[in-house]
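# Coordinate analysis (summary)
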Amino acid sequence: MHIIISPSILAADLSNLRSELKRVPNADRIHIDVMDGRYVPNISFGLPVVQAAQRSTHLPLDIHLMIEEPQRYLGDFAAARPEVLTVHYEAVPHLQGTLRQIRDLGVKAGVSLNPHTPLDGLQYVLDDLDLILVMTVNPGFGGQSFIPAMLQKVRDCRSMIGPRQIELQVDGGVSLETLPDLAQAGATNFVAGSAVFGAENPKEYIEQMRSLAEQG
Ligand code: DX5
Ligand code: ZN
C-alpha cells in the first residue's frame, strides 16, 4: 500500500507556521493534534490553528482529535477541508454513527486507539473506516518514547485489516530508529513530530523515512 508521511505541527514553531510548513514540502499530509485538556491532560490548539494551517499549505490535512465528544465538532473541522478526521475509539459512544457522519461530510474517517485499547470491536466497523491509528505512546504530548509492545498490536491490526484498503497509521515516538520495525509490522502511514521538525533538514529526513518505509 501507498506510504504516507505526516509531520505533526505540534513540534513545529507555531509562531512561524507558514515557514515551518515550507520545510516539509515532500510530506503527504500535515498532521494536526487537537487536544482539549480533558480527553488528554494537555491543551494544544483548536479550530483557529487548523484554519491557519489550511491557509499556510497546499498539503492535505490529517486532523487527530484528542477531544471528548468529537461528534459535536465534526462539521466545524470538516469545514477546513481536511483529507482525514480521526476520532478516539475511547471518546465516542456510537462509533459506527460517528464514522458515517465523517464520511458524509466528504472526509476520510479515522479511528485512533490508545495503547491499552484492544482492537476488538473495530472488526465490526471496518467497512466504515478509512484509517486506523495505533497510538504508539499515550496521547497528549510530543517527544515521548515509542512503546515497543505496540509492534505486536500493529501486526495484529494488519492481519485484521486483511485485503481492505484501510491505512494503518502509527503516531508517537516515530523516528528513523523506530520506523523500520513499524513498517515491517505493517504500518503504512507514519506521523512524526519532534523527529521531523527537530531535524536539521526536515525535507531530507522525510525522504529517509520514506525510503525505509518502502523497504518495510
Ligand atoms: C501525541 C500526538 C502526536 C505527537 C507526536 O499525542 O498525537 O501526533 O505530535 O509527537 P512525536 O513524534 O514527537 O512523538
Ligand atoms: Zn497525533
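Whatever comes next refers back to the structure up there.
Not measured: the values here are computed from a predicted model.

## A word on the overall build of the protein
- Helix and strand counts for the protein come out as 8 helices and 8 strands.
- Over its C-alpha trace the protein gives a radius of gyration of 16 Å, about what one expects of a compact globule, namely 17 Å for 216 residues.
- For the C-alpha atoms alone, the extent of the protein along its principal axes is close to 45 × 35 × 30 Å.
- Total accessible area computed for the protein in this model is approximately 9400 Å², and 48% of it derives from carbon and sulfur atoms.
- One way to put it: in the protein the 17 positive side-chain charges average out to a point 5 Å from where the 25 negative ones average out.

## Examining the coordination of the zinc ion (ligand 2)
- Looking at the zinc ion (ligand 2), the protein donor atoms are His31 (NE2), Asp33 (OD), His64 (ND1) and Asp171 (OD), and they sit 2.0 to 2.3 Å from it.
- Each of the 6 donor atoms bound to the zinc ion (ligand 2) contributes to angles spanning 71 to 168°, and the resulting shape is octahedral.
- Along the chain, the residues donating to the zinc ion (ligand 2) are arranged with the sequence spacing H-x1-D-x30-H-x106-D. Of this pair, His31 sits in strand β2 (residues 30–35) while Asp171 is found in strand β7 (residues 167–171), placing the two residues 140 residues apart along the sequence. Here His31 and Asp171 have matching classes, each one buried.

## Regarding the environment of Ala192
- Here Ala192 shows up in strand β8 (residues 189–192).
- Judged by its relative accessible area of 3%, Ala192 falls in the buried class.
- The spacing of Ala192 and Pro7 is 185 residues in sequence and 5.0 Å in space, taken between C-alpha atoms.
- Excluding its chain neighbours within four sequence positions, the residues that come into contact with Ala192 are Ser6, Pro7, Ser8, Val174 and Met209.

## Section: the side chain of Asp28
- With respect to the helices and strands, Asp28 occurs in the loop between α1 (17–22) and β2.
- Here Ile5 takes part through its backbone nitrogen, which lies 2.8 Å from a polar atom of the side chain of Asp28.
- Engagement of the side chain of Asp28 in a polar contact is seen with the side chain of Arg210, the distance being 2.9 Å.

## Let's talk about the site of ligand 1
- As a structural note, the neighbourhood of ligand 1 is formed by 20 residues, with Asp33, Gly140, Asp171, Gly193 and Ser194 the closest of them.
- Between ligand 1 and His64, the relevant distance is 3.3 Å, taken from an oxygen atom to a side-chain nitrogen or oxygen of the residue.
- Note that an oxygen atom of ligand 1 is positioned 2.8 Å from one of the backbone N or O atoms of Gly143.
- Across the complex, the protein chains shield 99% of the 390 Å² of accessible surface that ligand 1 would expose by itself.
- Element by element, the count of residues in the shell around ligand 1 is highest for β2, at 3 residues.
- Residue composition of the shell around ligand 1, by class: 8 nonpolar, 10 polar and 2 charged.

## Some points on unusual backbone geometry
- Within the chain, Glu69 stands out as a residue other than glycine whose phi angle is a positive 50°.
- Positive phi outside glycine occurs at Arg81, with the angle close to 55°.
- Examined against the element boundaries, Arg81 turns out to sit in the loop between α3 (74–78) and β4 (84–88).

The rules behind the values
Residues numbered from 1 in each chain as written. Chains lettered and ligands numbered in written order. Predicted model: local features only at pLDDT ≥ 70, side-chain atom pairs only at ≥ 80, totals over all residues. Heavy atoms only, no water. Helix = DSSP H or I, 4+ residues; strand = E, 2+ residues; numbered from the N terminus. Rg over C-alpha atoms; globule rule 2.2 N^0.38 Å. Areas by Shrake-Rupley, 256 points an atom, 1.4 Å probe, with all protein chains shown as cover. Lys, Arg positive; Asp, Glu negative; His and termini not counted. Charge placed at Lys NZ, Arg CZ, Asp CG, Glu CD. Donors = N, O, S within 2.8 Å, 3.2 Å for Na, K, Ca; no water. Tetrahedral: all angles 85-135°; square planar, octahedral: opposite > 155°, others 65-115°. Buried < 20%, exposed > 50% of the residue type's maximum accessible area, 1.4 Å probe, protein only. Contact = heavy atoms within 4.5 Å. Polar contact = N/O pair within 3.5 Å; in protein donor to acceptor, adjacent residues only side chain to side chain. Near = heavy atom within 4 Å. Nonpolar A, V, L, I, M, F, W, Y, C, P; charged D, E, K, R; others polar.

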